Amino acid sequence: MAFIDRIKALFPDKYIGKDVRAGRKGDSTIQLAKLSHVNELGTQVEKALQLATDQVVTNNASVEGIPTIGLQKTATKITYSDGVVQEGWMITIKAFLDAAVTVSVPAVVNIPSVPGQGNEGYYFPLQVSGSVICADAASGGNVINSLSNGAEFTNSNGGDGLASDFCGLIETTNGSEVTFNLTMVANQPGGTETGTAVAVVRFEFLCYEGVTPILT
């Protein structure tokens, strides 16, 4: 997806013709920019707009819904007083609890070190958002929850909805390899209940400028 069209040389030029005419009359000092300068500015603006939008290309068919795991750069950039710069990245994970007590979907991200720093695996958690959706037997529709402990699942044994014991991310780190597990755990007040629901989490984290996390 592109937001900006490259400028083409036209004669007469609909953008700068007026200034050219004014310059000939001696009442304008506007210097015409080269097309290469204008297009370089357009390229830089295009990069900024790409960061400000969510664009995901996936091998999934549309009937499968959003990708199970995705990683993208965000527009977040923090510059500290000592010159250190951190930039934002966002991981998306989808999990499906299917008439079960628990499910966990791992997303493994390799976060390399800043050259010479020995800080591989470093990230700073910034924000978490997400949703949990399940069928509602009473209304025949769906219940849409925020991703949080206590979010409602469908009780696969029938009856009212079933609250979750846990619904969120669990992280483990081994060197440069960081694993984010989207985990869903159903509550079992009677000891036999199982739940059904779909959860999606979006987790933004910071890495040092120049460090590019990679899904493995």
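Residues numbered from 1 in each chain as written. Predicted model: local features only at pLDDT ≥ 70, side-chain atom pairs only at ≥ 80, totals over all residues. Heavy atoms only, no water.

J.: Would you mind going over the environment of Pro 189 with me for this structure?
T.: The residue Pro 189 is located in the loop between β8 (177-186) and β9 (195-208) in this model. For the pair formed by Pro 189 and Ala 163, sequence separation is 26 residues and the distance between their alpha carbons is 9.6 Å. (Helix = DSSP H or I, 4+ residues; strand = E, 2+ residues; numbered from the N terminus.)

J.: So what exactly am I meant to see when it comes to the confidence of the model for the protein here?
T.: Low-confidence regions, as indicated by low pLDDT, have predicted coordinates that should not be scrutinised in detail. Chain-level statistics for the protein give a pLDDT mean of 84 and a share of 75% at 70 or above. Mean pLDDT values over the elements of the protein span from 53, in helix α1 (residues 17-24), up to 97, in β8. (pLDDT = per-residue confidence, 0-100.)

J.: Can you help me understand the environment of Thr 76 in this one?
T.: Along the chain, the position of Thr 76 falls in strand β1 (residues 69-79). Measuring from C-alpha to C-alpha, the distance between Thr 76 and Leu 126 comes to 9.9 Å, with 50 residues separating the pair along the chain. Those residues in contact with Thr 76 that sit more than four places away from it in its chain are Gln 86, Glu 87, Gly 88, Leu 126, Glu 204 and Leu 206. Only 2.6 Å separates the side chain of Thr 76 from the side chain of Glu 204, close enough to count as a polar contact. (Contact = heavy atoms within 4.5 Å. Polar contact = N/O pair within 3.5 Å; in protein donor to acceptor, adjacent residues only side chain to side chain.)

J.: It is not clear to me how the pairing of β8 should be interpreted in this structure. Could you clarify?
T.: On any regular strand, side chains alternate: one points to one face of the sheet, the next to the other face. Counting buried residues along β8, eight of its ten residues qualify, which places the element largely inside the surrounding structure. Taken together, the nine bridges between strand β3 (residues 102-110) and β8 define a ladder with antiparallel strand orientation. For Thr 102, the partnering residue across the bridge sits in β8 and is Val 185. Of the strand pairs in this sheet, strand β7 (residues 162-174) and β8 are connected by ten bridges, and their pairing is antiparallel. Across the sheet, the residue bridging to Gly 168 is Thr 183, located in β8. Remark: two residues form the turn of the hairpin made by β7 and β8, two consecutive strands paired antiparallel; Gly 175 in that turn has positive phi of roughly 65 degrees. (Buried < 20%, exposed > 50% of the residue type's maximum accessible area, 1.4 Å probe, protein only. Pairing = 2+ DSSP bridges.)

J.: I tried to follow the pattern of salt bridges on my own but got confused; where do I start?
T.: Oppositely charged side chains can form a pair if their charged atoms are brought close together. Under the defined criterion, the tally for this structure stands at two salt bridges. Two residues, Lys 73 and Glu 87, come together in a salt bridge whose shortest N-O distance is 3.4 Å. With Lys 73 in strand β1 and Glu 87 in strand β2 (residues 85-100), this pair connects stretches of sequence that are 14 residues apart. Overall, the relative accessible area of 26% leaves Lys 73 in the partly exposed class. (Salt bridge = Lys/Arg side-chain N within 4 Å of Asp/Glu carboxyl O.)

J.: Explain the packing of aromatic side chains to me, please; I cannot follow it from the model alone.
T.: Aromatic rings considered in pairs are described by the distance between their centres and by the relative angle of their planes. Applying the stated criterion to the full structure yields seven aromatic pairs. Here the aromatic cluster, defined as three or more aromatic residues joined through ring pairs, consists of Tyr 123, Phe 180, Phe 203 and Phe 205. Sitting above the plane of the Trp 89 ring, Lys 73 keeps its charged end 5.8 Å from the centroid. (Phe/Tyr/Trp six-rings, centres within 6.5 Å; stacked < 30°, edge-to-face > 60°. Lys NZ or Arg CZ within 6 Å of the ring centre and 35° of its normal.)

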